6 protein chains.
Amino acid sequence: MRYDGRENNELRPVTMDLDFITHPEGSVLITVGGTKVICNASVEDRVPPFLRGEGKGWITAEYSMLPRATNQRTIRESSKGKISGRTMEIQRLIGRALRAVVDLEKLGERTIWIDCDVIQADGGTRTASITGAFTAMALAVGRLVEKGTLKAMPITDFLAATSVGIDKEKGLILDLNYQEDSAAEVDMNVVMTGEGRFVELQGTGEEATFSRSELDGLLELAEKGIAELIEKQKEVLGDVASAIQQ
Amino acid sequence: MRYDGRENNELRPVTMDLDFITHPEGSVLITVGGTKVICNASVEDRVPPFLRGEGKGWITAEYSMLPRATNQRTIRESSKGKISGRTMEIQRLIGRALRAVVDLEKLGERTIWIDCDVIQADGGTRTASITGAFTAMALAVGRLVEKGTLKAMPITDFLAATSVGIDKEKGLILDLNYQEDSAAEVDMNVVMTGEGRFVELQGTGEEATFSRSELDGLLELAEKGIAELIEKQKEVLGDVASAIQQ
Amino acid sequence: MRYDGRENNELRPVTMDLDFITHPEGSVLITVGGTKVICNASVEDRVPPFLRGEGKGWITAEYSMLPRATNQRTIRESSKGKISGRTMEIQRLIGRALRAVVDLEKLGERTIWIDCDVIQADGGTRTASITGAFTAMALAVGRLVEKGTLKAMPITDFLAATSVGIDKEKGLILDLNYQEDSAAEVDMNVVMTGEGRFVELQGTGEEATFSRSELDGLLELAEKGIAELIEKQKEVLGDVASAIQQ
Amino acid sequence: MRYDGRENNELRPVTMDLDFITHPEGSVLITVGGTKVICNASVEDRVPPFLRGEGKGWITAEYSMLPRATNQRTIRESSKGKISGRTMEIQRLIGRALRAVVDLEKLGERTIWIDCDVIQADGGTRTASITGAFTAMALAVGRLVEKGTLKAMPITDFLAATSVGIDKEKGLILDLNYQEDSAAEVDMNVVMTGEGRFVELQGTGEEATFSRSELDGLLELAEKGIAELIEKQKEVLGDVASAIQQ
Amino acid sequence: MRYDGRENNELRPVTMDLDFITHPEGSVLITVGGTKVICNASVEDRVPPFLRGEGKGWITAEYSMLPRATNQRTIRESSKGKISGRTMEIQRLIGRALRAVVDLEKLGERTIWIDCDVIQADGGTRTASITGAFTAMALAVGRLVEKGTLKAMPITDFLAATSVGIDKEKGLILDLNYQEDSAAEVDMNVVMTGEGRFVELQGTGEEATFSRSELDGLLELAEKGIAELIEKQKEVLGDVASAIQQ
Amino acid sequence: MRYDGRENNELRPVTMDLDFITHPEGSVLITVGGTKVICNASVEDRVPPFLRGEGKGWITAEYSMLPRATNQRTIRESSKGKISGRTMEIQRLIGRALRAVVDLEKLGERTIWIDCDVIQADGGTRTASITGAFTAMALAVGRLVEKGTLKAMPITDFLAATSVGIDKEKGLILDLNYQEDSAAEVDMNVVMTGEGRFVELQGTGEEATFSRSELDGLLELAEKGIAELIEKQKEVLGDVASAIQQ
């Protein structure tokens, strides 16, 4: 039995509050167990220099944690004057993942800025960020379609992420909380689409290794979890979800 | 009449949600009209180098805004690699204001870290931060007293802040929202105690000046607003408020 | 009696040497007791990006201290690679204060850079900087008027600053030196115009608070001191002073 | 047929020159097709602060490219004053991968610094770095064992890495050069041990996605390539290889 | 006798491998005893802002050391986030020296970037960098002439550099290795042309001083060494050397 | 004839005001023609980490220019967040030069910080800084000897510096002002002792070269100028000068 009584293949409770903050074009507070992330999508009517004049859009993401999102207060990256390698990895991952389900030409010459700010952390902050960021982006883009700014829906599929791992005693587990994540020998983050295709796969042995059959088991767990998360997204997005599915 | 229908001497609606985030020793989400700030107080059992061995505690504050707290997305200070002058001014102000109502010797050799993170901005973020930070700090310190870690309550009085200003057409006004703040000729931030004494007074003419009698009128408005904010603090803090008043 | 024999309402001896350095359009060495600041005003024929094409000018200030301006050598901010919060506060204050007495439209699309470099410090460096910076700016702008580059004098009034404070034993005092500043319970910087209107008011309790009547007393002292400083400015500026008063 | 005439499942020519540079405890120049990386392993007799007194060692890596390792000159990270997200990701990956095949307790309180400096780049620089870094580390650690500084060989298995990908026309391919990497829809880096267990798996759709059966095909290619690389390592390492295999 | 058996006026063995790396327009690996530097010359078809529209070219240099080029590993400047004073001095010196033998107008509006990366250090890295950088630049520029991009050879003379010094016991010595450099009382770097004219002269007493007659002796040694280095350059450059001599 | 009517071998007027600033142990304002530098020497009772416990002292220097010391305002290095290569070169030069005439063992475990702040620049700021810095250091050290803190005078000789150069029309000239420096083909900075021995020699062709006989002529000019500067130092230093000469 897991610390919080879950089955090995069970997600933590997930909620998404739409329009959590008033200014952004899309804003979602995603809660996955004890992890809470404000995901904001901002639409800007221009693209970075390397894309100018190409008739394509861009999606980029930033990720941060409040100092006291964690049990021990951490130092702000703005105070240290630089962004950690971990933060960079995560924000590059979020941006790349979202771009995989958007037709950037249909988006046109605009940038979608995704801001994922973790206000409370209990494991899985990067995968919760991806799931919430997709939802915020869908909200923002859906509104561009609704207003007629975009003629066609550029989002090509749903997108969600979860973590899976190997625990010495419990074996293969889905959606690790902080305590489980710290103890896991193998940790894998999986990003998938509504069609069940992979977008990102990052498996890491923490001073450990894993076999091919363990990998197969982990992927199966991830597929199950992500399918459930995408169900949740469809539910909260309502009409926007229908527009994506057409 | 003001844009939102308020009287010149009327505060915006104020709420404080205690224990908004689980990890900090004291956590408050303060809402003042459209301004929302997460104020977290963290207790650390040591002091900065310049105070070691002096038997005194310390209170320090950090302030930040989510990029999309504002109408236009702003660049993260962690991305720019440095903190703006505005941010520095605000966090120095918050720390200094709180220290004025705490007996640092009674606090003992511990530091209280205050983190004010603005998740939605509509004017008055620095004064809302002070009012919310006091409440978060009171929660955290109150618990140290309750647990017996501290023998006596080191907080000596209540503390709250508001802004007042001069508008060309409306005259003297209390608690400016973003629209009013942008238009005001004179802007003043006032921090006061429960006893009605000044802790900080920062009045600034924005390419304008003000007379002594205008100053007197502004101070009167501020006094009224701060008294109401402190009433609110007493209400939400309950037992902790009683401990401070003794 | 104060350490240096002054009355509570007495300024330290003040001198201003005009054209102290040859290159700047306006250069003043201001001495206020043991505090010495080189104030240089440079005129640049363009404005920062946010003002381009608006037909308005800009005034901005930088402040710094030589490492050994103080009793203990301090580390250079260029060596640390960043500017302290204190420096940022001061340079923002100087720029804002000067802009309050200049008609930026009459100044036209040019920037006045003010550099205040403290070569010897004994308290009150920020207020001495403002008083000296105004004088250097008046020199530089006066020459633009004289040469016909500017058709009308854009400076609308005189401007000077001083500090006032509350000492436990001496009570309310004017123009604090370093020793007095370190001991003061309340410290207030006041910037006023020749007409006696307020431009900036920054009062701070240092782990202390102050009452409304104490505030009134402090403001009275400041008014007296600033009137004397402005007399001094008129004296040294000669013809330029007359041009401002018209 | 691939640009350079290789079969889809064929590695580029690989060489490893041992003791390329004289100062490091282990130094290898690895060449994989047109990619050349100097991999140096330095042994330091202490560990980072977070490990002090734990009786364990540490392995950490840094990665860099000469400005003209690439076809277009890139700006030095030392000139920009900060390390890019890409560099951070790669150096974290190298360190983590190596730690998975070292018994850090047997290594004792010492740090192995791995420096991977790409002097010529033609795709696959991060995987060539891992393969070369393992060899340099094995050399350095082998010498510690030989000299009796270490009583037992702390390296528990061989380690090598390669990239695999999906090309629109050629399908699944092994060991992508720069031209192939730029065109690939899916790119995966795989790190495996001599026993055929996974250490890291990083698969990424570049504005594309991949199915489970494509993933299976990619993993098969990677296993074949890595087995060949490890054969190469055993060959060049000679006695050190035997010590690892015992 | 010197540590390595050389006479006082004897250079260490020197080799230059042309086209060491494939991408740069000119690439040379220079070896001077135990010192090895990769010198790459890159041609860019534009000039820095301060030269635009002047019809002149520019030559600029960057210098770096691999962390383990030295006996003790040094921290990367990219990790420290800033370039040391020593590195700045060296790269300014290299650029300035090369510009002295190039007719920048004949070069036209292009920049030559010189990258000197020390992969192994044993004293004299800055002078070996200059000698190698000249050779790499000559290769790159020679090819521009050969291809007809440049109508005339803009290089006006050969250029090489060496170090000389004063050792307490051995007296005046040429081409100091690391051990000699650490012990020397006086250290001088000399850059000269093929015609025997000085380009740079940097003599430094290390907590010591030197007389006029010692200076004369040092210059004589340097002239001899540099003449030999330039012979070497002519040998390896072949046809390009002839083009320079015309 | 030179712009300012000087002979080719004539220094500009030189003055040194001792005790210009009150706080430093030694303070000198040196004026060389239109160049003015405040040179402050601060004594600290400890040495940098690399010297601890060696019973030796250290001398280190920092150099800076006020933004408007020059004809065009330059950006502060503290605002840019980094020190330029030019500044680093100069401050390293000043420190190295002073250390050549101090017996660091006699100085004992203390550091002398030299701060050279150029308040007005007209060429030769680095050599004026050295001449002024020596004088400030002599003042500070002389007082340590006088107070008995040091038993013997650790300064072993006088030290001064000047620049010499080659002008196309005027030929060899001494002590270049800004206008001459900008036009010179060859520029050389020379640092010498009272005994006429060299400490530093930095000769640079600015897109030009120089012959051996030109070098000889430059050194002769420098010797003459430096002898005159050292006479000046002896004059202003009075008793301290006598202590050095014993």
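No experiment lies behind these values; they were computed from the predicted model shown.

Visitor: Kindly report on the relation of the copies chain A and chain D, identifying the contributing residues and their values.
Guide: The two copies are related by a screw motion: chain A maps onto chain D through a turn of 180 degrees and a shift of 0.0 Å along the axis, at an RMSD of 0.0 Å. Here the two chains are linked by the operation of a two-fold rotation axis. Minimal C-alpha separation from the rotation axis in chain A is found for Gln-202 of chain A, amounting to 2.3 Å. Both copies share a contact surface, since 100% of the interface residues of chain A are interface residues in chain D too.

Visitor: For the side chain of Arg-96 of chain F, give the residues involved together with the corresponding values.
Guide: Tracing the chain through its elements places Arg-96 of chain F in helix α2 (residues 85–99). Setting aside residues no more than four positions away along its own chain, Arg-96 of chain F makes contact with Glu-89 and Thr-204 of chain E together with Glu-200 and Gln-202 of chain F.

Visitor: Before we move on, can you summarise helix α4 (residues 125–146) of chain B with the specific residues and values?
Guide: Residue and element names in this part refer to chain B. Between its first and last C-alpha, α4 extends 31 Å over 22 residues, near the 32 Å set by a 1.5 Å rise per residue. Counting buried positions over the 22 residues of α4 gives 19, a clear majority of the element. Note on α4: the residue one or two positions beyond its end, Gly-148, has a positive phi of about 85 degrees.

Visitor: Requested: an account of the interface of chain A and chain D, with residues and values cited.
Guide: If you look at the interface, chain A gives 35 residues, while chain D gives 35 residues. On the surface where chain A and chain D come into contact, there are eight salt bridges. When the shortest N-O distance is used, the salt bridge between Glu-214 of chain D and Arg-197 of chain A registers 3.5 Å. Remark: the boundary between chain A and chain D carries 15 residue pairs in polar contact (both at pLDDT 80 or more). Of all the secondary structure elements, the ones that give two or more residues to the side of chain A that touches chain D are α2 (85–99), β8 (186–193), β9 (198–205) and α6 (212–237) of chain A. With eight residues, β9 of chain A is the largest single contributor of residues to the side of chain A that touches chain D. Here the side of chain A that touches chain D is built from residues that sort into 13 nonpolar, nine polar and 13 charged. Relative to strand β9 (residues 198–205) of chain D, β9 of chain A is paired through five bridges, and the arrangement is antiparallel. The residue bridging Thr-204 of chain A from the neighbouring strand is Glu-200 of chain D, located in β9 of chain D.

Visitor: Any details on the UniProt feature "binding site: phosphate" (unreviewed entry) in chain A? Residues and values, ideally.
Guide: Residues annotated in UniProt with the feature "binding site: phosphate" (unreviewed entry) correspond here to Arg-86, Gly-124, Thr-125 and Arg-126 of chain A. Across 41 residues of sequence, these annotated residues stay compact in space, with a maximum C-alpha separation of 13.4 Å. One can find Arg-86 of chain A in helix α2. Excluding residues that lie within four positions of it along the chain, Arg-86 of chain A makes contacts with Tyr-63, Met-65, Thr-125 and Arg-126 of chain A together with Arg-92 of chain D. By the secondary structure assignment, Thr-125 of chain A is in helix α4 (residues 125–146). With a relative accessible area of 6%, Thr-125 of chain A lands in the buried category. Ignoring sequence-local partners within four residues, the contact set of Thr-125 of chain A consists of Thr-35, Val-37, Tyr-63, Met-65, Arg-86 and Val-118 of chain A.

Visitor: How would you sum up the pairing of strand β5 (residues 111–120) of chain F? Please name residues and give values.
Guide: All names here are of chain F. In terms of burial, β5 is a largely internal element, nine of the 10 residues being buried. As paired strands, strand β3 (residues 35–44) and β5 are joined by nine bridges and run antiparallel to one another. Residue pairing in the sheet places Glu-44 in a bridge with Thr-111 of β5.

Visitor: So what about the packing of helix α2 (residues 85–99) of chain B against helix α2 (residues 85–99) of chain C? Which residues, and what values?
Guide: The interhelical angle for the contact between α2 of chain B and α2 of chain C, taken along N-to-C directions, is 110 degrees, at an axis separation of 9 Å. Classed by the angle they form, the pair α2 of chain B and α2 of chain C counts as roughly perpendicular. Crossing angle aside, the handedness with which α2 of chain B passes α2 of chain C is left-handed. Between α2 of chain B and α2 of chain C, the residues in contact are Gly-85, Arg-86, Met-88, Glu-89, Arg-92 and Arg-96 of chain B and Gly-85, Arg-86, Met-88, Glu-89, Arg-92 and Arg-96 of chain C, respectively. Broken down by class, the residue content of the contact of α2 of chain B with α2 of chain C amounts to two nonpolar, two polar and eight charged.

Visitor: Describe the packing of aromatic side chains, and please don't skip the residues or the numbers.
Guide: Within a pair of aromatic rings, the relevant descriptors are the distance that separates the centres and the angle that separates the planes. All chains considered together, the criterion is met by 18 aromatic pairs over all chains. Across the ring face of Tyr-3 of chain A, the terminal group of Lys-170 of chain A is positioned such that the distance to the ring centre comes to 4.0 Å.

Visitor: Could you give me a rundown of the environment of Ala-140 of chain F, with the residues and numbers involved?
Guide: By the secondary structure assignment, Ala-140 of chain F is in helix α4 (residues 125–146). Between the C-alpha atoms of Ala-140 of chain F and Glu-44 of chain F, which are 96 residues apart in sequence, the distance is 11 Å.

Visitor: Let's hear about the sheet that holds strand β4 (residues 58–65) of chain F: which residues, and what values?
Guide: Residue and element names in this part refer to chain F. In space, the five strands of this open sheet follow the order β1-β2-β3-β5-β4, with mixed pairing throughout. Looking at which strands have only one partner, the edges of the open sheet turn out to be β1 (14–18) and β4. Going from strand to strand, the sheet's axes swing by 20 degrees on average, the running direction of each strand aside. Helix-sheet contacts for α2 involve β4 and β5, and the interaxial angle to β4 is about 145 degrees. Packing against the sheet, α4 makes contact with β1, β2 (26–32), β3, β4 and β5, and its axis sits at approximately 35 degrees to β3.

Visitor: Tell me what's going on with the UniProt feature "domain: Exoribonuclease phosphorolytic" (unreviewed entry) in chain A, and back it up with residues and numbers.
Guide: All names here are of chain A. Under the feature "domain: Exoribonuclease phosphorolytic" (unreviewed entry), the UniProt entry names residues 10–140 and 158–225. For residues 10–140, the end-to-end C-alpha separation is 30 Å, with 30% helix and 31% strand making up the annotated structure. For residues 158–225, the helix share is 29%, the strand share is 43%, and the end-to-end C-alpha distance is 14 Å.

Visitor: Tell me about the arrangement of the chains, and please be specific about residues and values.
Guide: Chain B shows no contact with chain E. Their nearest C-alpha atoms sit 12 Å apart. If you take every C-alpha in chain A and every C-alpha in chain F, the smallest gap between them is 12 Å, and the two do not touch.

Visitor: Describe the pattern of salt bridges, with residues and values.
Guide: All chains considered together, the criterion is met by 144 salt bridges over all chains. In this structure, Arg-2 of chain D and Glu-180 of chain D form a salt bridge, with 2.8 Å as the shortest nitrogen-oxygen distance. Residue Arg-2 of chain D is found in the segment before β1 (14–18), and its partner Glu-180 of chain D is found in helix α5 (residues 178–183); the two are separated by 178 residues along the sequence. Note on Arg-2 of chain D: relative accessible area 2%, which makes it buried. Taking the relative accessible area as the measure of exposure, Glu-180 of chain D reaches 0% and is therefore buried. Here Arg-68 of chain E makes a salt bridge to Glu-25 of chain D, at a shortest N to O gap of 2.7 Å. Of this pair, Arg-68 of chain E sits in the loop between β4 (58–65) and α1 (77–80) while Glu-25 of chain D sits in the loop between β1 and β2 (26–32), on two different chains. Judged by relative accessible area, which is 4%, Arg-68 of chain E ranks as buried. We classify Glu-25 of chain D as partly exposed; its relative accessible area is 29%.

Visitor: An account of the sheet that holds strand β1 (residues 14–18) of chain C is requested, with residue identities and associated values reported.
Guide: Residue and element names in this part refer to chain C. Strand order in the open sheet formed by five strands is β1-β2-β3-β5-β4, with mixed pairing between adjacent strands. This sheet does not close on itself; its edge strands, each paired only once, are β1 and β4 (58–65). Along the sheet, successive strands turn relative to each other by an average axial angle of 20 degrees, direction set aside. Running at roughly 145 degrees to β4, α2 makes contact with β4 and β5 (111–120) of the sheet. Packed on one face of the sheet, helix α4 (residues 125–146) meets β1, β2 (26–32), β3 (35–44), β4 and β5 and runs near 35 degrees to β3.

Rules used throughout
Residues numbered from 1 in each chain as written. Chains lettered and ligands numbered in written order. Predicted model: local features only at pLDDT ≥ 70, side-chain atom pairs only at ≥ 80, totals over all residues. Heavy atoms only, no water. Least-squares fit on C-alpha atoms with pLDDT ≥ 70 in both. Contact = heavy atoms within 4.5 Å. Helix = DSSP H or I, 4+ residues; strand = E, 2+ residues; numbered from the N terminus. Expected span 1.5 Å × (residues − 1). Buried < 20%, exposed > 50% of the residue type's maximum accessible area, 1.4 Å probe, protein only. Salt bridge = Lys/Arg side-chain N within 4 Å of Asp/Glu carboxyl O. Polar contact = N/O pair within 3.5 Å; in protein donor to acceptor, adjacent residues only side chain to side chain. Nonpolar A, V, L, I, M, F, W, Y, C, P; charged D, E, K, R; others polar. Pairing = 2+ DSSP bridges. UniProt positions renumbered as here; feature names shortened; annotations may be inferred. Axes fitted to C-alpha atoms, helices over the stretch in contact; angles between N-to-C directions. Parallel < 35°, antiparallel > 145°, perpendicular 65-115°, else oblique. Left-handed = near helix turned anticlockwise from the far one by under 90°. Phe/Tyr/Trp six-rings, centres within 6.5 Å; stacked < 30°, edge-to-face > 60°. Lys NZ or Arg CZ within 6 Å of the ring centre and 35° of its normal.

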